[in-house]
Amino acid sequence: MRGSIICLCLAGGLQVFGETPKVDSVFPAGGQRGSEFDVTIAGKIEPWPLVVYCDEPGIRFTAGKEKGVFRVGIDAEVETGAYLLWFANGDGVTAPRQFVVGEIPERGQAGDEELLVPASELPLTINGKLDSAGQVDRFLIELEAGQSLVADAVAYAIDSPLDPLLHLLGPAGERLAFNHDADRLGLDPRLVFKAPADGRYQLLLSAFAHPPQANIRFAGGVTSIYRLSLGHEVPAIELSPPVEVVGAGAQLVTVPTAVGGRIDQPGEIDRFRFVA
């Protein structure tokens, strides 16, 4: 009898706690407005399906039968730019993930095979993933003499654990251009190049891990996603006149803008207000 009571007490004391979901990657991390496509998430996503919240009602996520897969629709009226996603189950909600809505056509890059991009397809955004450590994704781009190529790789800005690099090789394999961290783009690169002759040019995309690791090698893995935009013109960003920091109070600024200031004393904090 005593043994039965002990067993009953132990059984009654067991509790099953749910686990807050954790999404490590969303792939692709965006799409063209007015389009519909599949998105795959990775991480702790039990129980399936998760509920998705977005700060733009024109972006709709519908869970599929396959675990981790959503069908996404973006209304044509949605403004281009970055939006936030949250994934939830009955026990909690994830940290926000970035999701980018673009204007130009998009396509995917699978594995580490070379992808041919005819000049007629530009501008174009390519959604890719560095599947394993050491991987280098290669893109063959056809250019005419005098034609410009602008390549923007976005990884760090969309929560990917990458510090990407871009190399451009000529038709004979010679190195012609390189960019690592572009001005005002954080760790993400922008490569601008004018072709001296007709031919197929090879663009290489690789990345170091971020945050940095002790070993120095190219990174890769299930969360190593990126968006590579290719075109002929540098995107124009209209900035308000530069703003100088004045006084100790929170200063009202108009975005986007450039701010110039200085931290004069240890512990000083400059504050800015803006309307969004």
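Residues numbered from 1 in each chain as written. Predicted model: local features only at pLDDT ≥ 70, side-chain atom pairs only at ≥ 80, totals over all residues. Heavy atoms only, no water.

What follows concerns the overall build of the chain. The helix and strand tally for the chain stands at 1 helix and 23 strands. Per-residue burial for the chain yields a buried fraction of 37% across its 276 residues. Put simply, of all contacts in the chain between residues at least 6 apart along the chain, 62% involve residues at least 24 apart. Within the structure as shown, the chain displays about 15,800 Å² of accessible surface, and the carbon and sulfur contribution to it stands at 55%. (Helix = DSSP H or I, 4+ residues; strand = E, 2+ residues; numbered from the N terminus. Buried < 20%, exposed > 50% of the residue type's maximum accessible area, 1.4 Å probe, protein only. Contact = heavy atoms within 4.5 Å. Areas by Shrake-Rupley, 256 points an atom, 1.4 Å probe, with all protein chains shown as cover.)

What follows concerns the sheet that holds strand β6 (residues 69-74). The strand order β1-β3-β6-β5 describes an open sheet built from 4 strands, whose pairing is antiparallel. Two strands close off the open sheet at either side, each with one partner strand: β1 (22-27) and β5 (59-63). Between one strand axis and the next, the sheet turns through 30° on average, direction left out of account. Looking at chain direction, strand β3 (residues 36-44) and β6 are connected through 5 bridges and run antiparallel. Looking at β6, one finds that phenylalanine 37 is bridged to valine 72. (Pairing = 2+ DSSP bridges. Axes fitted to C-alpha atoms, helices over the stretch in contact; angles between N-to-C directions.)

Another aspect to go through is the confidence of the model for the chain. Summary statistics for the chain give a mean pLDDT of 86 and a share of 89% for residues scoring 70 or more. The least confident element of the chain is helix α1 (residues 2-13), whose mean pLDDT is 36; the most confident is β6, at 98. This model gives residues 1-17 a pLDDT under 50, and the stretch forms 0 contacts once residues within four places in sequence are excluded. (pLDDT = per-residue confidence, 0-100.)

The residue aspartate 152 is located in strand β14 (residues 148-154) in this model. Here aspartate 152 falls in the buried class, since its relative accessible area comes to 11%.

Under the counting rule described, the total for this entry stands at 8 aromatic pairs. A ring pair is formed by phenylalanine 61 and phenylalanine 87, whose centres lie 6.4 Å apart and whose planes are at 85°; its orientation type is edge-to-face. Linking phenylalanine 61 in strand β5 with phenylalanine 87 in strand β7 (residues 81-89), this pair joins segments that are 26 residues apart in sequence. For phenylalanine 61, a relative accessible area of 15% corresponds to the buried category. Judged by relative accessible area, phenylalanine 87 falls into the buried class, the value being 0%. Residues phenylalanine 208 and phenylalanine 218 carry aromatic rings whose centres are separated by 5.6 Å and whose planes lie at 50° to one another, so their mutual orientation is tilted. With phenylalanine 208 in strand β18 (residues 199-209) and phenylalanine 218 in the loop between β18 and β19 (225-231), this pair connects stretches of sequence that are 10 residues apart. Judged by relative accessible area, phenylalanine 208 falls into the partly exposed class, the value being 27%. An aromatic cluster of three or more residues is present, and its members are Phe37, Trp48, Phe61, Phe70, Phe87 and Phe99. It is lysine 129 that lies over the ring of phenylalanine 27; its NZ or CZ is 4.8 Å from the centre. (Phe/Tyr/Trp six-rings, centres within 6.5 Å; stacked < 30°, edge-to-face > 60°. Lys NZ or Arg CZ within 6 Å of the ring centre and 35° of its normal.)

Ranked by size, the top nonpolar core spans 29 residues in total, and within it Phe139, Ile141, Leu203, Leu228 and Leu230 carry the most contacts. At the level of secondary structure, the elements contributing two or more residues to this core comprise β11 (115-117), β12 (124-129), β13 (137-143), β14, β15 (162-169), β17 (190-194), β18 and β19. Core analysis: the next-biggest nonpolar cluster, separate from the first, contains 19 residues, Val26, Phe61, Phe70 and Leu85 among them. (Core = buried A, V, L, I, M, F, W, Y, C linked by side-chain atoms within 4.5 Å.)

Take glycine 221: it is sitting in the loop between β18 and β19. For glycine 221, a relative accessible area of 15% translates into the label buried. For the pair glycine 221 and proline 161, spaced 60 residues apart in sequence, the C-alpha to C-alpha distance is 9.5 Å. Glycine 221 has contacts with Lys129, Leu130, Asp131 and Ser132, leaving out every residue within four places of it along the chain.

Consecutive side chains along a regular strand alternate between the two faces of the sheet. For β15, the buried fraction is high: 8 of the 8 residues fall into the buried class. Residues Leu162, Pro164, Leu166 and Leu168 line one face of β15 and the alternating positions Asp163, Leu165, His167 and Leu169 line the opposite face, and both faces are buried. In the sheet, β15 pairs with strand β16 (residues 175-179) via 4 bridges, with the strands oriented antiparallel. Across the sheet, leucine 169 pairs through a bridge with arginine 175, a residue of β16. Hairpin remark: β15 followed by β16, antiparallel, with 5 residues in the connecting loop; positive phi at glycine 173, about 90°.

Using the criterion set out here, one finds 11 salt bridges in the structure. The shortest N-O distance in the salt bridge between arginine 60 and aspartate 75 comes to 2.5 Å. Residue arginine 60 is found in strand β5, and its partner aspartate 75 is found in the loop between β6 and β7; the two are separated by 15 residues along the sequence. Between glutamate 142 and arginine 200 there is a salt bridge whose closest N-O contact spans 3.3 Å. With glutamate 142 in strand β13 and arginine 200 in strand β18, this pair connects stretches of sequence that are 58 residues apart. Judged by its relative accessible area of 27%, glutamate 142 is partly exposed. With a relative accessible area of 44%, arginine 200 lands in the partly exposed category. Because the salt bridges share partners, they merge into one network encompassing Glu36, Asp38 and Arg71. (Salt bridge = Lys/Arg side-chain N within 4 Å of Asp/Glu carboxyl O.)

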